[in-house]
Amino acid sequence: MIKSQNPRTHSSDTAEVIVLGAGPAGLVLGNLLLASGVDCLVVERADREQVQTRARAGFLAANTVRILDRHGLADGLHRHGREHAVCEFRTEDGRFRLDYGALGLGERHTVYPQQELVRDLLTRYLDAGGRISFGTEAVAVVGAETLRPTVTVHDTDGRPARWQARYVAGCDGRHGAARRSLPTCAVRRHHRDHGVSWLGLLAEAPPSLDAVGYAVHGRGFAGHMARTPEVTRYYLQCERGEAADAWSEQRIWDELALRMRSSEYGELHRGPIVQRTVVDLESDVLEPLRYGSLLLAGDAASLLSPSAAKGANLAVLEAELLAEALVDDLRRGDGTALDHYSARCLAHIWRAQAFSHWMIRLLHGPSGSDPDSLFHNSLRRSRVESLRVSRSQQDWFAEQYVGV
């Protein structure tokens, strides 16, 4: 079996399926295709070390764990992941906790950093003989309307190359070659800018509370999400256009303490900020997710705000659906599942988008004192209060929060 760093090392420049992108969607898809005997090639712009260390989300839904279990891809998360099932909300009206694992369908999250999951998936794929071309930038998908689409790439030396396949799976994100190659007349893009920006932070500090923390404050939102016993993810609402390095570490920790009301509920464990980025909360969906021989999954199919914690979970679900459909077509000559792939995924995507939008409205309000701002902030406070006192609202929240 061949483990590739460059497509030129192969005697063939073809594959049954070319997968663009080595994130959760691309690697789950690659593993499932490989296990079914489908010849596939994963094309990834970054090198292996970058792929394995990109820090992203870490909350895996119960259904995601079931999918990974079903295909023998969950060993790492069962060894090192931790179950999690509690949210804590802190607002101007006090704080309350929701044990969402005991509400709704009784499902929990498993906290397992995405880079660890990606490392597991990548190791499994390569150990099984899977082909992957690191340091290779996909430029375009040509001829997607035909039965033999071509992927044009630049290798690590910038040299052009061309690969042919029966199908191309675009798992390379919203700015990748798959999306760029779609004719504008063939898809409809649904996009919404929610007008909110977060400063995303990764701190080498133990968690400060045994729950996901959501703090609503007059100065803006703050969030606390445990990753490991030594690392915590924080979010701070910031001004649109503000640079990630505009905040000093002292300012970051002081602002987190203020918004999370640490003087009332306990001090935060502080430590070095090892990663920071600005996230503009946006929603973005393409319809349909198929154009001829080109199919989309993961962030190439849709983008959600991190408030919903569903991006990686949707990616894994879509990868399984796409793998099953491709195997049916390539091994059994049955294209029915491929014909329904887009509609099946979009049903899950829009459900996740609806919950994401609800969470954004729950956690953010206008900062002004004009009548319109006061009205919308009163609505926000009412939503939080309903979540605090209404069992039916809590059950709904739990089902939506963990479900995909």
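Thresholds applied
- The numbering scheme is per chain: residues are counted from 1 as the chain's sequence reads.
- With pLDDT at 70 or above as the cut-off, local features in this predicted model cover only qualifying residues; side-chain atom pairs require 80 or more to be listed or tallied, and sums for whole chains, interfaces and linings still use all residues.
- Processing note: side-chain calculations cover all non-hydrogen atoms of the structure and skip hydrogens and water entirely.
- A run of H or I in DSSP counts as a helix once it spans at least four residues, and a run of E counts as a strand once it spans at least two, with each numbered from the N terminus.
- Between the two quantities, the radius of gyration covers C-alpha atoms and the globule rule is 2.2 Å times the number of residues to the power 0.38.
- Between buried and exposed lies partly exposed: a residue is buried under 20% and exposed over 50% of the maximum accessible area for its type, with that area taken using a 1.4 Å probe on protein chains only.
- A contact between two residues is defined here by any heavy atoms of the two lying within 4.5 Å.
- Reported accessibility uses the Shrake-Rupley method at a 1.4 Å probe radius. Residues are deemed covered only where the shown protein chains occlude them.
- Asp and Glu are treated as the negative residues and Lys and Arg as the positive ones, with His and the ends of the chain left uncounted.
- A single reference atom marks each charge: NZ on Lys, CZ on Arg, CG on Asp, CD on Glu.
- The definition of a polar contact used here is a pair of N or O atoms within 3.5 Å, where within protein one atom must be able to donate a hydrogen and the other to accept one, and adjacent residues in sequence count solely through side-chain atom pairs.
- Here, strands pair whenever DSSP counts at least two bridges between them.
- What a helix should span is 1.5 Å times the count of its residues minus one.
- The arc refers to the directions leading from the helix axis to the C-beta atoms.
- Stacked, tilted and edge-to-face are the three classes applied to pairs of Phe, Tyr and Trp rings, where Trp contributes its six-membered ring and a pair requires centres within 6.5 Å; stacked means planes under 30 degrees apart, edge-to-face means over 60, and tilted covers the rest.
- Lines fitted to C-alpha atoms define the axes here, with helix axes fitted over just the stretch in contact, and angles between the N-to-C directions of these axes take values from 0 to 180 degrees.
- Each angle receives one of four descriptions, namely roughly parallel if under 35 degrees, roughly antiparallel if over 145, roughly perpendicular if within 65 to 115, and oblique otherwise.
- Helix crossings are classified by the rotation of the near helix relative to the far one: an anticlockwise turn of less than a right angle makes the crossing left-handed, while a clockwise turn makes it right-handed.

J.: I keep staring at the overall build of the protein and nothing clicks. Help me out?
T.: Secondary structure summary: the protein contains 12 helices and 19 strands in total. Relative to the globule expectation of 22 Å for 404 residues, the C-alpha radius of gyration of the protein, 22 Å, shows essentially globular dimensions. In the protein, which comprises 404 residues, the proportion classed as buried is 54%. Summarising the internal contacts of the protein: among those between residues at least 6 apart in sequence, 72% fall at separations of at least 24. Total accessible area computed for the protein in this model is approximately 17,000 Å², and 48% of it derives from carbon and sulfur atoms. One way to put it: in the protein the 48 positive side-chain charges average out to a point 1 Å from where the 51 negative ones average out.

J.: Even after reading the chapter, I still don't get the side chain of T91, so can you show me in this structure?
T.: Residue placement: T91 occurs in strand β5 (residues 86–91). Of note is the side chain of T91, whose polar atom sits 3.0 Å from the backbone nitrogen of D93. Setting aside its immediate chain neighbours within four residues, T91 contacts V216, R261 and V384.

J.: What exactly am I supposed to notice about the sheet that holds strand β14 (residues 222–226) here?
T.: Adjacent strands of a sheet form backbone hydrogen bonds with each other and so pair up, either parallel or antiparallel. An order of β6-β5-β13-β14-β15-β12-β16-β19 is seen for the eight strands of this open sheet, with the pairing classed as mixed. If you trace the sheet from one side to the other, it starts and ends with β6 (94–99) and β19 (302–303), each paired once. In this structure, β5 lies alongside β6, joined through six bridges in antiparallel fashion. Within β6, the residue paired with C87 across the bridge is L98.

J.: Just checking my understanding: could you explain helix α11 (residues 371–389) for this structure?
T.: For an α-helix the count is 3.6 residues per turn, leaving residues at separations of three or four pointing the same way. Taking 1.5 Å per residue as the helical rise, α11 with its 19 residues ought to reach 27 Å, and the 27 Å between its terminal C-alpha atoms agrees with that figure. All of the buried residues in α11 are S373, N377, R380, V384 and L387. When α11 is viewed along its axis, its buried side chains cluster within an angular range of 75° and face the same direction. Among the exposed residues of α11, those pointing more than 90 degrees away from its buried face are P371, F375 and V389. Tucked into the core, α11 has its buried residues touching β5, β6, α10 (336–363) and α12 (391–402).

J.: Would you mind going over the packing of aromatic side chains with me for this structure?
T.: Each pair of aromatic rings is reported with the distance of its centres and the angle of its planes. Counting across every chain of the model gives 15 aromatic pairs. Summarising the aromatic geometry, the rings of F355 and W396 are spaced 5.9 Å apart at their centres and angled 55° between planes, so their arrangement reads as tilted. With F355 in helix α10 and W396 in helix α12, this pair connects stretches of sequence that are 41 residues apart. Exposure remark for F355: the relative accessible area of 1% places this residue in the buried category.

J.: Quick question: what am I supposed to make of unusual backbone geometry here?
T.: The phi torsion of most residues other than glycine is negative, and most of the peptide bonds are trans. The step from E287 to P288 runs through a cis peptide bond, and the omega angle for that step is -10°. By secondary structure assignment, the location of P288 is in the loop between β16 (273–287) and β17 (290–291). Within the chain, R261 stands out as a residue other than glycine whose phi angle is a positive 55°. Along the chain, the position of R261 falls in the loop between α7 (249–259) and α8 (262–265).

J.: Is there a simple way to explain the packing of α10 against α12 in this structure?
T.: Packed helices, taken two at a time, are described by their axes: the angle between them and the distance between them. In contact at an axis separation of 10 Å, α10 and α12 are set at 125° when each is read in the N-to-C sense. One element, α10, and the other, α12, form an angle in the oblique class. Considering only the axes of α10 and α12, their crossing is left-handed. Along its contact with α10, which presents R351, F355, W358 and M359, the element α12 presents Q393, W396, F397, E399, Q400 and Y401.

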